[in-house]
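Structural overview for review
The chain contents come next:
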Amino acid sequence: FISTLVRDCQQYQKFGHDLDQVNVVIVTHGLALRLFLMRWFQFSVEEFEATENPDNAKLVVMKKRCVSGHRWYELNETNRKELNLPEWCNAPKNVHMHRLLESDRLEGPE
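We now turn to the structure provided with this report. (Residues numbered from 1 in each chain as written. Predicted model: local features only at pLDDT ≥ 70, side-chain atom pairs only at ≥ 80, totals over all residues. Heavy atoms only, no water.)

1. With respect to the pattern of salt bridges
The final tally for this structure, using the stated rule, is two salt bridges. As a salt-bridge pair, Lys58 and Glu82 come within 3.2 Å of each other at their nearest N and O atoms. Note that Lys58 is positioned in the loop between α3 (45-49) and β1 (62-67) and Glu82 in helix α4 (residues 77-82), a separation of 24 residues in sequence. According to the relative accessible area criterion, Lys58 is partly exposed, its value standing at 36%. (Salt bridge = Lys/Arg side-chain N within 4 Å of Asp/Glu carboxyl O. Helix = DSSP H or I, 4+ residues; strand = E, 2+ residues; numbered from the N terminus. Buried < 20%, exposed > 50% of the residue type's maximum accessible area, 1.4 Å probe, protein only.)

2. Overview of the nonpolar core
Within the largest apolar cluster, 13 residues are counted, with the highest numbers of intra-cluster contacts made by Leu37, Phe41, Phe43 and Leu85. Sorting elements by how many residues they give to this core places helix α2 (residues 30-41) first, with six residues. (Core = buried A, V, L, I, M, F, W, Y, C linked by side-chain atoms within 4.5 Å.)

In structure tokens:
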């Protein structure tokens, strides 16, 4: 599903759509949502098993972020806590890596 979503966004961009102005709405059940988040944020099976389904008709929001040319989606902190997701999983793991690299670059060599 994620690869299809990415491919669709690439097609929109190819045809001149500004992806910064595009919103995606996914309507799904709790388990499918948790599986999507597991894949998106790359957390382990153990971390997945500790998560909880959202309440019925609950909105879970991922906001687009852009820093230093890197774009990603972060999970709302309230949603993260309600779903009992790991603390680090408000942003994909590769974003945390970019943040570390960026802070190293800003601080400079010791």
